[in-house]
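Residue-level listing of the chains:
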Amino acid sequence: MDYDFTTVINRRHTDSVKWNVKDSELPMSIADMDFKTAPEIVLAMREKLELGAFGYEEAGADYFNAVSHWYQLEHGADADPDWMIFATGVVPAISSIVRRVSHIGDNVLVQEPVYNIFYNSIENNGRHVLSSDLIYSNGKYEIDWQDLEEKLANPLTTLMIFCNPHNPTGIVWKKSEVKRIASLCQENHVILLSDEIHGDLVRNNVKYTPAFSIAKPLRSNVISLVSPSKTFNVAALHAATVIIPDNNLRDIVNRGLNSDELAEPNLLAIPATIAAYTEGFNWLHELLTVIDNNFAYAEKKITKQLKDIKIVSGPATYLMWLDVSEISQNSQELADYIRKETGLIVSPGIIYRGNGNKFLRLNLASPISMVEDGISRLITGIKKYSKNSWKWFQNHLKKIYTFIEVIFLWNHYF
């Protein structure tokens, strides 16, 4: 079946957070898609609505079996339905788990730059963000293993929030890396909370490793959070699954989710999730092809038109991570300028902390006509900023000085 990934849906004035913008503006920031979701999901929701009566519900075996079925067929990972708890979203679950498995004043470790809402879940609950920053070199990010080990060994570090795959960089962590992180957490009595909301959105035949799927001896302190929300563009469904192999840890988290009233589904959460996880395979794989083509288009245009911009993105997510350090060291200023001059809205990397002040994040999960419009605006905005920016001049002046210095030294010694 061929699905529709070309129709532009008018989401303005529909209570959409992303599209609550001026009519002339194009938002490519907030991480939801501008495609219609799989028709199989829509059909399941319509059938539920036709019942006309909507009382209390709870997720049962059909829901958890569907999640298990998906992870086995799509990712080759065994997830026992008995390990699972329903939750009303990945972020609410993160906040609840932070409260339940750590204490006020504890350190919660992250790897910056990273998804900005993690900071809200940590700091709003009286914990401290402790970052083991990813090492950025030659256009690639890597884990600083020595720094990570030292910070996990800190007695105040009781929880690590692991972005797997990583947002905003698009890194898909290798199985060996997931195992090593889990091992370090276990050695240091740190709970590993793995946000895997982007796990289905991996391109180029690369596979991600769910944290719950690692060897049994290493998963006693592992919590995985999964959801159809990013995969199928159903963020407003508010449905997620918490997967915890260890019985004791699962009981602790389950009490927290129920105490916070985060374990009861809305009227569409169960049928839509079941439809997604049992009938959504073909739709997802057509989507991945579309996103791959969008990336190829954006990469070609940016590489040709914006010589000072580096594309850093890994194969995960539909979010492009752009190194703009040759243009600006202030991503917020640059993003604001692009919006003002072109109407294009992108995410300034500074909100993800770490070295994000030198990056922009761009959402490419839209019909190709919107992507073409967005990339055109991006190119226009950055070129205009470059011509008018004193900071750009300063950056290039440094290059000129360096070149002159090299020439001087060459003439002096040779």
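Residues numbered from 1 in each chain as written. Predicted model: local features only at pLDDT ≥ 70, side-chain atom pairs only at ≥ 80, totals over all residues. Heavy atoms only, no water.

(A) Quick peek at the packing of aromatic side chains. This structure, assessed with the given rule, holds 18 aromatic pairs. Both rings, one in Trp 70 and one in Tyr 277, keep their centres 5.4 Å apart while their planes meet at 35°; by these two values the pair is tilted. With Trp 70 in helix 2 (residues 61–75) and Tyr 277 in helix 9 (residues 269–279), this pair connects stretches of sequence that are 207 residues apart. On the basis of an interplanar angle of 85° and a centroid distance of 5.5 Å, the ring pair of Tyr 115 and Phe 118 is categorised as edge-to-face. (Phe/Tyr/Trp six-rings, centres within 6.5 Å; stacked < 30°, edge-to-face > 60°. Helix = DSSP H or I, 4+ residues; strand = E, 2+ residues; numbered from the N terminus.)

(B) Up close: the sheet that holds strand 10 (residues 240–243). Sheet architecture is open: 7 strands sit in the order 2-10-9-8-7-3-4, paired in mixed fashion. Here the strands that pair on one side only, and so sit at the sheet edges, are strand 2 (84–87) and strand 4 (128–131). Averaged over all pairs of adjacent strands, the angle between strand axes in this sheet comes to 25°, irrespective of strand direction. Pairing of strand 2 with strand 10 involves 4 bridges; the strand directions are antiparallel. Pairing of Met 84 across the sheet is with Ile 243, part of strand 10. Strands in contact with helix 2 are strand 2, strand 9 (222–226) and strand 10; relative to strand 2, the strand with the most contacts, it is inclined by about 110°. (Pairing = 2+ DSSP bridges. Axes fitted to C-alpha atoms, helices over the stretch in contact; angles between N-to-C directions. Contact = heavy atoms within 4.5 Å.)

(C) View of a positive patch on the surface. Together, Lys 300, Lys 301, Lys 304 and Lys 307 make up a region of like positive charge exposed at the surface. Along the chain, the position of Lys 301 falls in helix 10 (residues 281–305). Lys 301 sits in the partly exposed class, given a relative accessible area of 35%. (Patch = residues over 30% accessible without salt bridge, like charges linked within 9 Å, V, L, I, M, F, W, Y side chains within 5 Å. Areas by Shrake-Rupley, 256 points an atom, 1.4 Å probe, with all protein chains shown as cover. Salt bridge = Lys/Arg side-chain N within 4 Å of Asp/Glu carboxyl O. Lys, Arg positive; Asp, Glu negative; His and termini not counted. Charge placed at Lys NZ, Arg CZ, Asp CG, Glu CD. Buried < 20%, exposed > 50% of the residue type's maximum accessible area, 1.4 Å probe, protein only.)

(D) Looking closely at the pairing of strand 15 (residues 359–363). Counting buried positions along strand 15 yields 5 of 5 residues, so the element is predominantly enclosed. Burial along strand 15 is two-sided: Phe 359, Arg 361 and Asn 363 facing one way and Leu 360 and Leu 362 facing the other are all buried. Bridge analysis of strand 12 (residues 319–323) against strand 15 gives 5 bridges, and the strand direction is antiparallel. Among the inter-strand pairings, Leu 322 is bridged to a residue of strand 15, identified as Leu 360. Where strand 14 (residues 347–348) lies against strand 15, 2 bridges are found, and the strand directions are antiparallel. Its bridge partner lying in strand 15, Pro 348 is registered against Leu 360.

(E) Just helix 11 (residues 331–342), in detail. The terminal C-alpha atoms of helix 11 lie 16 Å apart, and with 12 residues this matches the ideal 16 Å at 1.5 Å per residue to within 8%. On its buried face, helix 11 sits against strand 13 (344–345), strand 14, strand 15 and helix 12 (368–388). By the N-cap criterion, in which a side-chain oxygen at the helix start approaches the backbone nitrogen of a residue two or three places on, helix 11 is capped by Asn 330, the distance to Gln 332 being 3.2 Å. After helix 11 finishes, the residue Gly 343 shows a positive phi value of roughly 85°. (Expected span 1.5 Å × (residues − 1). Polar contact = N/O pair within 3.5 Å; in protein donor to acceptor, adjacent residues only side chain to side chain.)

(F) Up close: the sheet that holds strand 15. Taken in spatial order, the 4 strands line up as 11-12-15-14 in an open sheet, and their pairing is antiparallel. Because the sheet does not close on itself, it has two edges, and the strands there are strand 11 (310–311) and strand 14.

(G) Structural detail: the side chain of Arg 11. Mapped onto the elements of the fold, Arg 11 is located in the segment before strand 1 (26–27). Relative accessible area serves as the criterion here: at 16%, Arg 11 is assigned to the buried category. Among the polar contacts listed, one links the side chain of Arg 11 to the side chain of Ser 16, at a separation of 3.4 Å. Contact partners of Arg 11, with chain neighbours within four places excluded, come to Ser 16, Lys 18, Trp 19, Asp 32, Met 33 and Asp 34.

(H) Up close: the pattern of salt bridges. For the coordinates displayed, the defined rule picks out 12 salt bridges. Notably, a salt bridge pairs Glu 25 with Arg 339, separated by 2.9 Å at the nearest N-O pair. With Glu 25 in the segment before strand 1 and Arg 339 in helix 11, this residue pair connects regions lying 314 residues apart in the sequence. In this structure, Lys 151 and Asp 147 form a salt bridge, with 3.2 Å as the shortest nitrogen-oxygen distance. Taken together, the residues Lys 151 and Asp 147, both in helix 5 (residues 145–152) and 4 residues apart, mark about one turn of the helix. By relative accessible area, Lys 151 is classed as partly exposed at 23%.

(I) Summary view of the nonpolar core. In terms of nonpolar packing, the biggest core is built from 79 residues, with Ile 41, Leu 287, Ile 302, Leu 364, Ile 375 and Leu 378 touching the most fellow members. Examining the composition of this core, we find that 10 residues originate from one element, helix 10, more than from any other. Setting aside residues up to four positions removed in sequence, Ile 302 forms contacts with Lys 307, Ile 309, Ile 311, Met 320, Leu 322, Ile 375 and Leu 378. Judged by nonpolar contacts, the second largest core, of 29 residues, contains Ile 85, Val 98, Val 114 and Leu 249. (Core = buried A, V, L, I, M, F, W, Y, C linked by side-chain atoms within 4.5 Å.)

(J) A look at helix 12. For helix 12, spanning 21 residues, the distance from its first C-alpha to its last is 30 Å, which sits close to the expected 30 Å at 1.5 Å a residue. Buried within helix 12 we find Met 370, Val 371, Gly 374, Ile 375, Arg 377, Leu 378, Ile 379, Gly 381, Ile 382, Tyr 385 and Ser 386.

(K) Up close: the packing of helix 5 against helix 6 (residues 175–187). Contact geometry of helix 5 with helix 6 gives a least axis separation of 10 Å together with a crossing angle of 30°. In terms of orientation, helix 5 and helix 6 fall into the roughly parallel class. Crossing handedness for the pair helix 5 and helix 6: right-handed. Together, Trp 145, Leu 148, Glu 149 and Leu 152 of helix 5 and Glu 177, Arg 180, Ile 181, Leu 184 and Cys 185 of helix 6 make up the contact between the two elements. Counted by class, the contact of helix 5 with helix 6 contains 6 nonpolar, no polar and 3 charged residues. (Parallel < 35°, antiparallel > 145°, perpendicular 65-115°, else oblique. Left-handed = near helix turned anticlockwise from the far one by under 90°. Nonpolar A, V, L, I, M, F, W, Y, C, P; charged D, E, K, R; others polar.)

(L) Quick look at the packing of helix 1 (residues 39–49) against helix 9. Where helix 1 contacts helix 9, the axes come no closer than 8 Å and their chain directions differ by 150°. Here helix 1 lies roughly antiparallel to helix 9, going by the angle between them. Our pair here, helix 1 against helix 9, has a crossing hand that is right-handed. On helix 9, the residues touching Glu 40, Ile 41, Ala 44, Met 45 and Lys 48 of helix 1 are Pro 271, Ala 272, Ala 275, Ala 276 and Glu 279. Residues of the contact of helix 1 with helix 9, tallied by class, amount to 7 nonpolar, no polar and 3 charged.

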